2 protein chains.
Amino acid sequence: MLSKNTLKFIKSLQQKKIRKQEQLFFVEGSKNVTELLQSDYEVSQVLFTQQYGKGHAELLKRSNADIFEVSQTTLESVGSFQSNDAALAVAKSKPNTPIEMTSDEWVIALDDVKDPGNLGTIIRIADWYGIQKLLLSEESAEFYNPKVLHASMGSFTRVKVFYTDLKSQFEKAGLPIYGAFLEGESIYESKFGKGGIILMGNESNGISRELESSVTHKITIPRFGKAESLNVAVATAIFCDNIKRSSK
Amino acid sequence: MLSKNTLKFIKSLQQKKIRKQEQLFFVEGSKNVTELLQSDYEVSQVLFTQQYGKGHAELLKRSNADIFEVSQTTLESVGSFQSNDAALAVAKSKPNTPIEMTSDEWVIALDDVKDPGNLGTIIRIADWYGIQKLLLSEESAEFYNPKVLHASMGSFTRVKVFYTDLKSQFEKAGLPIYGAFLEGESIYESKFGKGGIILMGNESNGISRELESSVTHKITIPRFGKAESLNVAVATAIFCDNIKRSSK
């Protein structure tokens, strides 16, 4: 039976502090819960509506999680979605583990990208372009924030993230670092190798002074109109697209 | 003097119904208010903090609007922002006027893009790539929704939008229509002319069956990883970028 205390506990995972302390998080909605159940995450509980249960009976049966059929109202009372007629699942978060970088693959590094929606969208973009590794500065949005996971549309299950001091990582890696600047070489003219680090800056301030000196290639997305800048997730997508098309 | 009734009235413009009825809207934050004051919009009121006033004295003086120095608390009490230490301005909305389309320019058409953040981001992208005309299906998000204007980061002042029945517009225009589909010709291989219509579909359902038959070129953004799809604003940016780079 699903107790009131369990529901209260799941709801408390909306707070970052509790997520860190318990090393647990939750995801909501059909797409994310289904992707989570198909991933290597350790899922402890799944709450789902009758309708979701019908469509995903096999997946739920195969899971080692405790499963509970609940009402839509219950899902909405514990989760962060205004409307959720599908499911919510609790899983164990992964430890913050260094990622290995080699010269023949691409890694995205984010310098204080703070908006959870932006981080989630960037994770989805990385996954679309086959980039599985992200380096995040300590001040970046938290990976297990429900808004990040939601915006990632399930792609969070396929990327590795490492929160770290970017400066020292860059020094250790010794790889080419392509940084997004408003003044740099046109991305249409740039030659990209087989791999390296794509560095994107904070929403308001761009790439910090401290990291600017680590950048080996300053790259610009050409502008044809008058907008002052592009959203950081949009700019990341254009970087990935140009890099991948040039290596095709 | 700024009366309580005026504040109440401005606050009521958070509702779409009132915006439509009064043909007025508001924008918030330094960037959007400044861009609005520099545009051809008819601004009726500007509420601003002492700090914003100091930095924009000339601009405020040149305006025909009623201007009021207020506290940050007042700004936050009438507007939609959680935090606003700069300004809020009320302006007259523009009538829904047909846009002319010629064969040597690009127009973005949106088939039921419902999320205000997506619409605002697409407007910012259009403005970056020098695309000034947007055709929107009647069911698309409302241009003057505060979330749309906010996400546009001032670019809303430089685009023309026309809410209309897309099907009949497409028939009238007789232009090439490039539609974003998951299965089509690779955007890397596509030949783009000097102009045409870029058609993007709804967040969940893509381009509707009804409009699919109007599409003259089905185009796909190549995928290298496993994400099921890209966010519609991100996909729009990649379309614009590929089209503009090919015509450079």
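Within each chain, residue numbers correspond to sequence positions counted from 1 in written order. The lettering of chains begins at A and the numbering of ligands begins at 1, in the order of writing. Local features in this predicted model are restricted to residues whose pLDDT is 70 or higher, and side-chain atom pairs enter the listing and the counts only when it is 80 or higher, whereas totals over whole chains, interfaces and linings include all residues. Side-chain metrics in this entry use all non-hydrogen atoms of the structure; hydrogen atoms and water are not considered.

## So, the pairing of strand β8 (residues 177-186) of chain A
Residue and element names in this part refer to chain A. Note the cut-off: Criterion used throughout: strands pair if DSSP finds at least two bridges between them. Helix and strand assignments come from DSSP, with helices taken as H or I runs of at least 4 residues and strands as E runs of at least 2, each series counted from the N terminus.
Here β8 pairs with strand β9 (residues 196-200) via three bridges, running parallel. Paired with Ile-177 across the strands is Ile-197, a residue of β9. The pairing of β8 with strand β10 (residues 217-220) spans five bridges and is classified as parallel. Considered in β10, the bridge of Glu-185 is made with Ile-219.

## A word on the sheet that holds β10 of chain A
All names here are of chain A. Let me state the cut-off plainly: Lines are fitted to the C-alpha atoms to define the axes, a helix being fitted only along its stretch in contact, and any angle between axes, read from their N-to-C directions, falls within 0 to 180 degrees. Contacts between residues were defined by any pair of non-hydrogen atoms, one from each residue, lying within 4.5 Å.
Strand order in the open sheet formed by six strands is β7-β6-β5-β9-β8-β10, with parallel pairing between adjacent strands. Each edge of the open sheet carries a strand with a single partner, namely β7 (160-164) and β10. Here the average twist between neighbouring strands, direction ignored, is 35 degrees. In the sheet, strand β5 (residues 106-110) pairs with strand β6 (residues 133-137) via four bridges, with the strands oriented parallel. Across the sheet, the residue bridging to Ile-108 is Leu-134, located in β6. Along the sheet, helix α11 (residues 232-246) makes contact with β5, β8, β9 and β10, crossing β9 at roughly 155 degrees.

## Some words on the domain arrangement of chain A
Residues and elements named next belong to chain A. Note the cut-off: Domain boundaries shown here were taken from an automatic or database domain assignment. Throughout, buried area stands for the accessible area (probe radius 1.4 Å) lost by two parts on being put together, summed over both. We count a salt bridge whenever a side-chain nitrogen from Lys or Arg sits within 4 Å of a carboxyl oxygen from Asp or Glu.
Segmentation of chain A into domains returns domain 1 (4-92) and domain 2 (106-246). Using C-alpha coordinates to define each centre, domain 1 is positioned 30 Å away from domain 2. With 14 residues of domain 1 at the contact, the number on the domain 2 side is 13 residues. Summing the contributions of domain 1 and of domain 2, the shared interface buries around 1,200 Å²; its carbon and sulfur component is 60%. The three residues of domain 1 that bury the most area against domain 2 are Arg-19, Asn-32 and Tyr-41, which together make up 38% of that side's buried surface. Where domain 1 meets domain 2, there are two salt bridges.

## Considerations on the interface of chain B and chain A
The condition that has to hold: By the criterion applied in these results, polar contacts are pairs of N or O atoms within 3.5 Å in which, for protein atoms, one can donate a hydrogen and the other can accept it, and in which residues neighboring in sequence qualify only through two side-chain atoms.
Contacts between chain B and chain A engage 31 residues on the former and 31 residues on the latter. Buried surface at the junction of chain B and chain A, summed over both partners, amounts to about 3,200 Å²; 62% is from carbon and sulfur atoms. Looking at the side of chain B facing chain A, the largest losses of area belong to Trp-128, Phe-224 and Arg-245 of chain B, adding up to 25% of the total buried there. If you look at where chain B meets chain A, you find two salt bridges. Among the ionic pairs, Glu-228 of chain A bridges to Lys-31 of chain B, the shortest N-O distance being 2.9 Å. Joining chain B to chain A, the criterion identifies 22 residue pairs in polar contact (both at pLDDT 80 or more). Taken together, the elements giving at least two residues each to the side of chain B that touches chain A come down to α7 (116-128) and α11 (232-246) of chain B.

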